[in-house]
Amino acid sequence: MTDWHLIGAAETLQRLRTSEAGLSNAEARQRQEQHGPNALPETRRRSPAIMFLRQFTDFMIVILLVAALISGFVGEPQDTIAILVIVVLNAIFGTVQEFRAERAVAALRAMSAPKAMVIRDGAPVTLESSELVPGDLVLLEAGYMIPADVRLLETQELQIDESALTGESHPVEKQTAPLVDTDAPIGDRSNCAYKSSTVTRGRGRGLVYATGLKTEIGSIAELLRNEAGVKTPLQVRMTRFGRYLGLAVLAICVVVFIAGLMQGQPVMLMFLTAVSLAVAAIPEALPAVVTISLAFGARKLIRHNALVRNLPAVETLGSVTYICADKTGTLTQNRMTAEQFFAAGEVRDTLPGPEAGPPWSELGCAMVLNNDVSQIDGRQAGEPTELAIFEAGDRAGYDKAVLEQGLPRVSVIPFDSRRKQMTTLHRTDGGRVAYVKGAPERVLQQCTAALGADGQAPFDPDAVLARANQLAGEGYRVLAMARRILDERSGAETEAEEIERTLTFLGLVALIDPPREEVPQAVADCLTAGITPVMITGDHPGTAQAIATRLGIMKGDSRVLTGAELERLDDESFSGMVESVRVYARVSPEQKLRIVKELQARNEFVAMTGDGVNDAPALKRAGIGVAMGKKGTDVAREAADMVLLDDNFTTIVHAVRAGRRIYDNIRKFIKYTMTSNSGEIWTLFLAPFLGLPIPLLPIHILWINLVTDGLPGLAFTAEPAEPGLMRRPPRPPGESIFAHGMWQHMIWVGLLIGCLSIVSQAWAISRDAAYWQTVVFSVLTFSQLFHALAVRSESASLFKLGLASNLPMLGAVLFTFGLQSMVIYVPALNPVFHTQPLPLTDLIACLLISSLVLFAVETEKWLVRRKIIYQNG
């Protein structure tokens, strides 16, 4: 493979077997047959029907489908319909999600330049970009999209925006000389231009050396197509939960069936009881609770400017241990700002106004006059650096329009890569003044004096250059300003060398894309929550380190790693240092992918932010990909799980908080529903062994399952966040959903509910009450409602939370109580549900017995708050 950036123009022409006259049409046709069209090939897409059917292979979904069939078999079609609706909705969500990879590649294809100006047979012609072949000579102008990967042969002030490909925040200045750095990353290959980047300034000519999939953007398309996404922690936990639940339900049903037969119960009754128990044990509302929790979370995140494209991503954020964030626009304002000013040996944070006198007044004049910023539709427009310098001067009181009345511009010597400076000439009463702006190392060597408060002052260029280098080391982009007073007219075009000499130094301007004001606190919140923020940027290491230090990302023994350094590291060496690196600078798409994979290999759960085409493979591979909404590309957005509409890092922290809350609420629902199911199982299982009749009929079990798992279960989605949510570390991705005392709770509280139900059965039978089965039915239902209120928090007391802090839950409990009362007291429903009206005293007794569940769980939470139980999971 040829390193085109290392060879000269003549050798490039020779290797590509072409000339300055371009290819002939005949030769171009032959090469197109050999290399194929300059486009990304389309792959055969799976039909939506196949994608939809694939959603039904999940183990939990299979169990739910079996439960739906059983519900229909035992005469409960409402359960069958509810389960099928839930399963189909989940299948639709999954099908939509699978379109994302294909759409990402389609977005890449759409980014290809539709037209290109090419030299063929010695004459310029406009062609479809797909017709280009290696060896074609293309013409580039401002506004053009680069049609293929090109080795530049000629440039005139050519600047190209490669941010979508490299992450570089500023247009890159291009030149034609061969480079000597064999390890130069794409962003430093100044003599090449890459497909789908955009010319922002100047013009040029270049030879196409790569087309289609062989271009840099083509290789990214291959990475994106071949890179598999990873399952979210919730998906992994739900799959494992479904597998264990299915086996447990099967075993319990067999035991209950056999126990009933041993007691002499009818075979058909015990079969229906066992089947009903199986249906009750399956939490068919779980997918609905998960989906609604995620949908509510996604809706809430919209208010924080986060658009969720993949619903499971909402919960996934709660597991995040690393956030790899792009610098420009996400951590910073994406707006160059002049922050420091140096003149007369003094550094200031703000530019003094005209009343300060020289040299500050002259520095301010130079900043606004040596500037091509223009006013469009009432706002200032121009190149970011010039705009920042102009705005600093304008804020300090230097009005360009007023100054130009006394110092009208007569000519300009534009910036170019050889001189590294720009000069404007202005008419004065006695002649002309030239203002010069450029790279300090260039401008300072042309200065012979400095301007002080009292006129010309001694000048030490080495000391000023040292100050400029110090500022550059702190991450600033530094420009020097100088002037020269001319006594006679000088031609700007013919006498540039004569004008730009014996200058008087005015000062230095230090510019930076400053951090967003709210980001340092967001970074601190991440660290408190046990999340490690990492910066990945296309900018230079010095700038990246300076910003990272100001944000609090760089601390202690953390380090910066460049793409070139990462390239030289083997996997073992990189694995040993990956947890200490806080800033990655100048990295390639493959390296971003390598960073994500290495962190994942160390059991870290990674959120990756990005905006460019180069970020798409890593966004897809990461546990959660976060794309930018303002400055992001369509490719990045299609590959991502979430889009930041305001491109703000703080929004990610809001999303992490929402993800943790959602996962907590899903856990609460599982704790609630599985404990309730456990209570039903214990009731049916223990009663025969205690010599009591089967306490419940199949319709009782299915009714309890319907009313208690339904509205109260869904009301958990509205539960507020737990106290100290962002002061605890992320849960390990491999942690069981039953950790932190949940499985113990399910067993003992389920056993308590079962015992209370059996005690109430024995109490009613001992009184020869004909309605004893209604008593058991009611105690079991009411116990679950009290349990729903009790488990609203993992540790906080319900009496502290208050019933009104989750009004949907309060409403659901009261409504379910009303439904149960109707089943007991409405005559038309008594024969349907095999119930009998309870005397008021017995109803109160049922409520008092059931309330013991609430007080028992409150005691458990009191022990948890004092760290007496459940400290080790």
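The residue numbering used here restarts from 1 in each chain and proceeds along that chain's sequence as written. Reporting of local features is limited, given that this is a predicted model, to residues whose pLDDT is at least 70; pairs of side-chain atoms are given and counted only at 80 or more, and all residues count toward the totals for whole chains, interfaces and linings. The basis for every side-chain value is the complete set of non-hydrogen atoms in the structure, without hydrogens or water.

Draft legend 1. Structural context of the side chain of S190. Here S190 shows up in the loop between β5 (172-173) and β6 (192-193). Here a polar contact means two N or O atoms within 3.5 Å. Within protein one must be a hydrogen donor candidate and the other an acceptor candidate, and residues neighboring in sequence count only if both atoms are side-chain atoms. A polar contact is formed between the side chain of S190 and the side chain of Q175, at a distance of 2.8 Å. Aside from chain neighbours lying at most four places away, what touches S190 is L152, E173, K174, Q175 and L179. The way it works is that DSSP assigns letters per residue, a run of H or I at least four long becomes a helix, a run of E at least two long becomes a strand, and they are numbered from the N terminus. Here a residue-residue contact requires only that any non-hydrogen atoms of the pair lie within 4.5 Å.

Draft legend 2. Focus on the packing of aromatic side chains. Whether two aromatic rings pair depends on their centres lying within 6.5 Å, for rings of Phe, Tyr and Trp, where Trp uses its six-membered ring; planes under 30 degrees apart make the pair stacked, over 60 edge-to-face, and the rest tilted. Going through the model one piece at a time under the given rule, you end up with 6 aromatic pairs. Residues Y672 and F716 carry aromatic rings whose centres are separated by 5.5 Å and whose planes lie at 45° to one another, so their mutual orientation is tilted. Placement of Y672 in helix α26 (residues 649-689) and of F716 in the loop between α28 (711-715) and α29 (742-766) is noted, with a sequence separation of 44 residues between them. Remark: exposure states derive from per-residue accessible area (1.4 Å probe, protein chains only) relative to the maximum for the residue type, with buried under 20%, exposed over 50%, and partly exposed in between. We classify Y672 as buried; its relative accessible area is 0%. Judged by centre distance (4.9 Å) and plane angle (65°), the rings of W703 and F833 are edge-to-face. One end of the pair, W703, is in helix α27 (residues 698-709); the other, F833, is in helix α33 (residues 830-833), with 130 residues separating them in the sequence. In this structure, W703 and F833 share a single accessibility class: buried. A positively charged side chain is recorded as over a ring if its NZ (Lys) or CZ (Arg) lies within 6 Å of the ring centre. The angle to the ring normal must also be within 35 degrees. The residue whose ring lies beneath R767 is W763, and the NZ or CZ to ring-centre distance is 4.3 Å.

Draft legend 3. Representation of α26 in the model. What a helix should span is 1.5 Å times the count of its residues minus one. Between its first and last C-alpha, α26 extends 60 Å over 41 residues, near the 60 Å set by a 1.5 Å rise per residue. For α26, the tally of buried residues reaches 35 of 41 residues, placing the bulk of the element in the interior. Phi turns positive, to about 80°, at G691, one or two residues after α26.

Draft legend 4. View of the nonpolar core. Only buried residues count toward a nonpolar core. Its members are Ala, Val, Leu, Ile, Met, Phe, Trp, Tyr and Cys residues joined through side-chain atoms within 4.5 Å. Ranked by internal contacts, the top residues of the largest apolar core, which has 126 residues, are I323, F505, F649 and I670. Sort the elements by how many residues they give to this core and α26 lands first, with 15 residues. In this structure F649 touches I323, A325, T330, L331, V519, A522, V523, C526 and P533, once residues within four positions along its chain are discounted.

Draft legend 5. Representation of the pairing of strand β21 (residues 532-537) within the structure. For β21, the tally of buried residues reaches 6 of 6 residues, placing the bulk of the element in the interior. Neither face of β21 is open: one carries T532, V534 and I536, the other P533, M535 and T537, and all of them are buried. As paired strands, strand β9 (residues 322-326) and β21 are joined by 5 bridges and run parallel to one another. Bridge assignment links C324 to a residue of β21, and that residue is V534. Any two strands are treated as partners once DSSP identifies two or more bridges connecting them.

Draft legend 6. Here's a closer look at helix α13 (residues 360-369). When you tally the buried positions in α13, you get 10 out of 10 residues, the bulk of the element. Residues of α13 that are buried: W360, S361, E362, L363, G364, C365, A366, M367, V368 and L369.

Draft legend 7. Expanded view of the sheet that holds strand β25 (residues 624-628). If you trace the 8 strands from one edge of the open sheet to the other, you get β8-β26-β25-β24-β9-β21-β23-β22, paired in mixed fashion. Bordering the open sheet on either side are β8 (306-308) and β22 (559-562), each of which pairs with just one other strand. Taking the axes of each pair of neighbouring strands and ignoring which way they run, one obtains an average angle of 20° across the sheet. Where β8 meets strand β26 (residues 642-644), 3 bridges bridge the pair, whose relative direction is antiparallel. Residue pairing across strands places V308 opposite M642, the latter belonging to β26. Here α26 sits on the sheet and contacts β8, β9, β21, β24 (606-610), β25 and β26; the angle it forms with β9, its principal contact strand, is near 155°. Every axis in this analysis is a line fitted to C-alpha atoms, fitted for helices over the stretch in contact. Angles between the N-to-C directions lie between 0 and 180 degrees.

Draft legend 8. Structural context of the pattern of salt bridges. A carboxyl oxygen of Asp or Glu within 4 Å of a side-chain nitrogen of Lys or Arg is what we treat as a salt bridge. Using the criterion set out here, one finds 28 salt bridges in the structure. Close ionic contact of R602 with E579 constitutes a salt bridge, the shortest N to O distance being 3.2 Å. One end of the pair, R602, is in the loop between α23 (589-601) and β24; the other, E579, is in the loop between α22 (571-577) and β23 (581-585), and 23 residues separate them in sequence. On the accessibility criterion, R602 (33% relative accessible area) is partly exposed. By relative accessible area, which is 33% here, E579 ends up partly exposed. The residue E722 makes a salt bridge to K668 at a minimum N-O spacing of 2.9 Å. Here K668 lies in helix α26 and E722 lies in the loop between α28 and α29, a separation of 54 residues in the sequence. With relative accessibility at 9%, the residue E722 sits in the buried group. Judged by relative accessible area, K668 falls into the buried class, the value being 2%.

Draft legend 9. The pairing of β23, seen in detail. Here β23 lies mainly inside the structure; 5 of its 5 residues are buried. Relative to β23, β21 is paired through 3 bridges, and the arrangement is parallel. Each residue of the ladder has a partner; that of I536, found in β23, is Y584. The pairing of β22 with β23 spans 4 bridges and is classified as parallel.

Draft legend 10. Summary view of unusual backbone geometry. Note the cis peptide between P358 and P359, where omega equals 5°. Of note, the phi angle at N603 is positive, near 60°, even though the residue is not glycine. The residue N603 is located in the loop between α23 and β24 in this model. You will see that K867, though not glycine, has its phi angle at about 55°, which is positive. Mapped onto the elements, K867 comes out in the segment after α34 (840-865).

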